[in-house]
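Fold and contact review
So the chains spell out like this:
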Amino acid sequence: MTVNGEDVGMVVMPPRGGGWWLSTGYSSSVRARLRKGSNDIVLSVVDNLGGLSAADLVLVDNVRVIRLTDELLKQ
């Protein structure tokens, strides 16, 4: 995941299992510092495991942003 062009971490989306492609679930969380106003958040698929197929498509329903204090952001 990148925010405003900077790599901020990896988002892990757990597999839902065969026949459960409409089932929803939460991914891992990533802490990132956002600037005031607009921010560009980009999720990209990285094929470092080899052999992505159509079965590996990711459907993102929403993105949840939670404001953290500077102290929590450092942890």
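Above this note sits the structure.
Please read these numbers as outputs of a predicted model, since none were measured by experiment.

Of regular secondary structure, the protein chain possesses one helix and three strands. Taking all 75 residues of the protein chain together, the buried fraction comes to 3%. Sequence-distant contacts in the protein chain: of pairs separated by 6 or more residues, those separated by 24 or more amount to 57%. When the accessible surface of the protein chain is totalled, it reaches about 7000 Å², and 54% of it is carbon and sulfur.

With that settled, the discussion passes to the sheet that holds strand β2 (residues 6-7). The strand order β2-β1-β3 describes an open sheet built from three strands, whose pairing is antiparallel. Every other strand in the sheet has two partners, leaving β2 and β3 (41-42) as the edge strands with one partner each. Pairing between strand β1 (residues 2-3) and β3: two bridges, direction antiparallel. Each bridged residue has a counterpart across the sheet, and for Val3 the counterpart in β3 is Ile41.

Quick look at the environment of Val63 now. Within the fold, Val63 resides in the loop between β3 and α1 (70-74). Note on Val63: relative accessible area 58%, which makes it exposed. Sequence separation between Val63 and Tyr26 is 37 residues; the distance between their C-alpha atoms is 9.8 Å.

Even without a glycine there, the phi angle at Asn4 is positive, about 55°. Checked against the element boundaries, Asn4 lands in the loop between β1 and β2. Note on Asn4: relative accessible area 25%, which makes it partly exposed.

Next up on the list: the environment of Leu72. With respect to the helices and strands, Leu72 occurs in helix α1. Residue classification places Leu72 among the partly exposed residues on the basis of a relative accessible area of 36%. Separated by 41 residues in sequence, Leu72 and Arg31 place their C-alpha atoms 9.3 Å apart.

Before going further, it helps to spend a moment on a nonpolar patch on the surface. Taken together, the side chains of Met13, Leu34, Ile41, Leu43, Val45, Val58, Val60, Val63 and Val65 present a nonpolar region at the surface, about 780 Å² in accessible area. With respect to the element layout, Val45 can be found in the loop between β3 and α1. Using a relative accessible area of 60% as the deciding quantity, one classes Val45 as exposed.

The rules we used
Residues numbered from 1 in each chain as written. Predicted model: local features only at pLDDT ≥ 70, side-chain atom pairs only at ≥ 80, totals over all residues. Heavy atoms only, no water. Helix = DSSP H or I, 4+ residues; strand = E, 2+ residues; numbered from the N terminus. Buried < 20%, exposed > 50% of the residue type's maximum accessible area, 1.4 Å probe, protein only. Contact = heavy atoms within 4.5 Å. Areas by Shrake-Rupley, 256 points an atom, 1.4 Å probe, with all protein chains shown as cover. Pairing = 2+ DSSP bridges. Patch = residues over 30% accessible without salt bridge, like charges linked within 9 Å, V, L, I, M, F, W, Y side chains within 5 Å. Salt bridge = Lys/Arg side-chain N within 4 Å of Asp/Glu carboxyl O.

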